[in-house]
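In case you want the letters, here they are:
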Amino acid sequence: MSSTENTRTRTVVTGVAVAAPGGLGTDEWWKSALTGRSGISAITRFDTDRFPSRLAGQILDFEAGDHLPSRLLPQTDVSTRYALAAADRALADAGVTPETLPDYDMGVVTANALGGFDFTHREFSKLWSQGPEFVSVYESFAWFYAVNTGQISIRNSMRGPSAALVAEQAGGLDAIGHACRTVRHGTKLVLSGGVDSALDPWGWASQLAGGLVSTDPDPARAYRPFDADASGYVPGEGGAILIVEDAASARERSARTVYGEIAGYAATFDPKPGSGRPPGLRRAAELALEDAGLAPGDVDVVFADAAGVPALDRAEAEAISGLFGARGVPVTAPKALTGRMYAGGGPVDVVTALLAIRDGVVPPTPGTGDVPEEYGLDLVRGEPRELPVSTALVLARGRWGFNSAVVLTAATD
Amino acid sequence: MSTMTLDDLRRILVACAGEDDGTDVSGDILDSSFEDLGYDSLALMESAARIKQEFGVDLSDDDVADIDTPRALLDLVNGRVSPAAVAS
């Protein structure tokens, strides 16, 4: 949609909820981000002796029964429980109840990359050890990428246009972008975001199979994006849910908080390896800025994808310094505190960027020490950096070529 | 075991599908509809699988779809308890 259309529907964020390691709840997460409290620790869910990587960003203080009715427990994977609880809190934050709008004016768009590994692993175990008749009928949907969208929709009577997106670690931003598109097409309110979790032995094996997970046993050193000695990433679990609304409709219902506007979004795909053409991340950022009607000079901070893998860090640094000039914009990656949360990572970055806009402070990238000079990055390190933030760019990449970018701006009214 | 009691059914329903927030399954629910009790067709299919494991009675999907109340379910199961299950 052209950025020159000044009549275009504006989409704002009126409610947020984070479920992240070291930060269950938005305020807790923001405190963690600003103080550098890490959620990365030795995996406690299962015996990791036979795995080369043993650290993860774990949510350790979530009792499902405290957040959800027992009716939902036998049919939900841990990832869906986080998603449902976060959805409840985001709706409460936005002051939205099922009665706020007609069912069909409220949609749900979430992303998921891992499905319900933990649930499925338990059912497979029953299949092999006891027989097929012991496999739960709820396995039919509990594993599925669309289950968070479906369960949130059913629980909250949100029957407007809904979708589920899968694009590995870029999917969370794609969900938010698609939520905006849905609002622009006339749905007044869309609950969006992404949540992932796969910290069971089978889920863990699948994550390690990608070959990018750090084997460093030191929680303080294992995931150091953009560090000269970066050794891979640490997986995390969790994510964030946002309430995305038509700005006019939000005003009409006197929404109590407007965290900011989702001003632009774009996604690109990398060219075939060996083609000689550059990766697509920079182009995603450029297109998202164009969608927002903004120029690189308008951006106050970039939340990086921050793969923590040297070749990927270098490629991202080239995209950022190519677009903004060497050390041309503050860059940060607070996700080093949580690990990479797959479809949950982008939405948490979006919430964090909105809080940076609200409070005029950019949380640091913890742990990263020596950033190669040739990266040309002004990486916020050590302490939070106070600066007025009116525009933030959030980047995410998914394995095998997905690139997504979201531009957030301060609310204008 | 020989027959399935209402308490057995309560235990199985709660184990397989939890409890609905607004409903008390501990009371006189024999003639309440499963719908009013908050149990949908999937909840009943899951419970049927457990009933088969415990009581040896195989309820088809059609059986499950036709059953409205705990009384109807108990009557069907107890009318079909297999000799093998009784013997065990």
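Please read all numbers here as calculations on a predicted model, not as lab measurements.

Time to look at the overall build of chain A. Across its full length, chain A holds 12 helices and 16 strands. The globule rule puts the C-alpha radius of gyration for 413 residues at 22 Å, and the 20 Å found for chain A is close to it. When burial is assessed residue by residue, chain A has 60% of its 413 residues classed as buried. The long-range share in chain A, meaning contacts at least 24 apart out of those at least 6 apart in sequence, stands at 78%. With the model as given, the accessible surface of chain A reaches about 15500 Å², and the carbon-plus-sulfur share is 52%. Each charge sign in chain A was given a centre, from 35 positive and 50 negative side chains, and these centres are 2 Å apart.

With 16 residues of chain B at the contact, the number on the chain A side is 11 residues. Carbon and sulfur atoms make up 54% of the surface buried where chain B meets chain A, a total of about 1100 Å² over both sides. When the buried surface of chain B facing chain A is broken down by residue, B:Leu42, B:Glu46 and B:Gln53 rank first, second and third, together holding 43% of it. If you look at where chain B meets chain A, you find 1 salt bridge. Here A:Arg71 and B:Asp40 are joined by a salt bridge, their closest N and O atoms 3.2 Å apart.

All names here are of chain A. Considered domain by domain, chain A is made up of domain 1 (13-252) and domain 2 (265-409). For domain 1 and domain 2, the distance between their C-alpha centres works out to 21 Å. Between domain 1 and domain 2, the contact holds 57 residues from the first and 61 residues from the second. When the buried surface of domain 1 facing domain 2 is broken down by residue, Trp30, Leu173 and Phe226 rank first, second and third, together holding 21% of it. At the junction of domain 1 and domain 2, the tally comes to 1 salt bridge. The partner of aspartate 291 in a salt bridge is arginine 184, and the shortest N-O contact between them spans 3.4 Å. Taken together, the links from domain 1 to domain 2 amount to 22 residue pairs in polar contact (both at pLDDT 80 or more). Listed by contribution, the elements that provide at least two residues to the side of domain 1 that touches domain 2 are strand E1 (11-20), helix H1 (26-35), helix H7 (171-184), strand E7 (189-196) and strand E8 (238-246).

Quick notes on the rules
Residues numbered from 1 in each chain as written. Chains lettered and ligands numbered in written order. Predicted model: local features only at pLDDT ≥ 70, side-chain atom pairs only at ≥ 80, totals over all residues. Heavy atoms only, no water. Helix = DSSP H or I, 4+ residues; strand = E, 2+ residues; numbered from the N terminus. Rg over C-alpha atoms; globule rule 2.2 N^0.38 Å. Buried < 20%, exposed > 50% of the residue type's maximum accessible area, 1.4 Å probe, protein only. Contact = heavy atoms within 4.5 Å. Areas by Shrake-Rupley, 256 points an atom, 1.4 Å probe, with all protein chains shown as cover. Lys, Arg positive; Asp, Glu negative; His and termini not counted. Charge placed at Lys NZ, Arg CZ, Asp CG, Glu CD. Buried area = accessible area lost by both parts, 1.4 Å probe. Salt bridge = Lys/Arg side-chain N within 4 Å of Asp/Glu carboxyl O. Domains from an automatic or database assignment. Polar contact = N/O pair within 3.5 Å; in protein donor to acceptor, adjacent residues only side chain to side chain.

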